[in-house]
Amino acid sequence: CTVIFTRLATRDLHKPISILFCNLAVSDLFTSFSGFWIALLFISNPDITIFGSRDMLAPYALYTTSILSTIYNLVSIGIERYLAVAESMRTRFRVARNHSIAVVFVSWVLAFFLGCLPLMGWHCLHAERSTSVLYSPFCVNYLIFIAIPNVAAAFVVPLFTYLRIIIILRKRKLRMQACGQATGTYKSAESQVARTSISIWLLALVSYAPFFAGVIFDATNRRCHTDLYPGVYIFRNCTAMLITLTCLGNPLLYTLKLRTLGAKLKALRCLSAARGRACTI
């Protein structure tokens, strides 16, 4: 909420990357709300989160939608950063504000469509043989259809784009060294991008790899719910906690300038105070 508020209030949304950052914060907010909804259902009736119920379709669908939107945002941010760095090298394509708005719209439409497929009938309320053990009443084939391509995209695309950014910055540094120019700025930029890229990729790996492992376990396991209780469900809850922690890690990594964020909040506070004094005068 702080990220959304500061970016809206300080008019940063004229930058294409700021639109993607703000949308990522909205996706993380939806993930937190849907996870809280599932937690309330577990507190009120723990059995429906284990054996499945029609009441779990809506919160699980919202949870899936928000996670998919977050993944698409991470991929979009990586691609936008790559195009921004490679722009001055050889490409004539410039990412504009309209492009970012279109990407946000398409990512949410795709996330809602894929996430709400169980609400449209792709569930296992009446087909217990193919139901998921961890996420009843979702079907195992639906989880495989959702998890494999999207988790692969979350790992492969950011890894490729950020590696390309590091390579481009290193080539520029070597070219400037050959010309006898100072390279301190590029060296600093290269190390900062490398640290941020590794952090982003590791956060995605730690967050989504356990969920992917749970889907694989679902697909290969045919035992009853009661036989797997409670160990497997503790693992499921841990994967949900890791995904929720990603919602806290994303603002730190992508805003990453906590001093800048604090300065913006201080500027907003001073601006509102100045307006108050002007109105009094």
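By the naming in an unreviewed UniProt entry, the protein chain goes by LPAR1 protein and is assigned to Pomatostomus ruficeps. Checking UniProt for the protein chain, the heading Sequence similarities (unreviewed entry) contains the comment "Belongs to the G-protein coupled receptor 1 family." Of the comments in the UniProt record for the protein chain, the one headed Subcellular location (unreviewed entry) reads "Cell membrane".

Draft legend 1. Region of interest: helix α5 (residues 97-115). In a regular helix each residue adds 1.5 Å, so 19 residues correspond to 27 Å; α5 covers 27 Å between its end C-alpha atoms and thus fits that length. Considered for burial, the residues of α5 that qualify are S100, V104, S107, W108, A111, L114 and G115. For α5, the buried positions fall inside an angular range of 140 degrees around the axis, keeping them on one side. Residues of α5 that are exposed and point over 90 degrees away from its buried face: N98, F105 and V106.

Draft legend 2. Spatial organisation of the packing of aromatic side chains. One pass over the structure, following the stated rule, counts eight aromatic pairs. Considering the side-chain rings of Y60 and F138, the 5.5 Å spacing of their centres and the 55 degrees angle between planes classify their relative orientation as tilted. Separated by 78 residues along the polypeptide, Y60 in helix α4 (residues 57-86) and F138 in the loop between α5 and α6 (140-178) bring together distant segments of the chain. In this structure Y60 comes out as buried when scored by relative accessible area, which is 5%. An angle of 80 degrees between the planes, with centres 5.3 Å apart, marks the rings of F138 and Y142 as edge-to-face. In terms of burial, F138 and Y142 fall into one category: buried.

What counts, and where the lines are drawn
- Residues numbered from 1 in each chain as written.
- Predicted model: local features only at pLDDT ≥ 70, side-chain atom pairs only at ≥ 80, totals over all residues.
- Heavy atoms only, no water.
- UniProt positions renumbered as here; feature names shortened; annotations may be inferred.
- Helix = DSSP H or I, 4+ residues; strand = E, 2+ residues; numbered from the N terminus.
- Expected span 1.5 Å × (residues − 1).
- Buried < 20%, exposed > 50% of the residue type's maximum accessible area, 1.4 Å probe, protein only.
- Arc of directions from axis to C-beta.
- Phe/Tyr/Trp six-rings, centres within 6.5 Å; stacked < 30°, edge-to-face > 60°.

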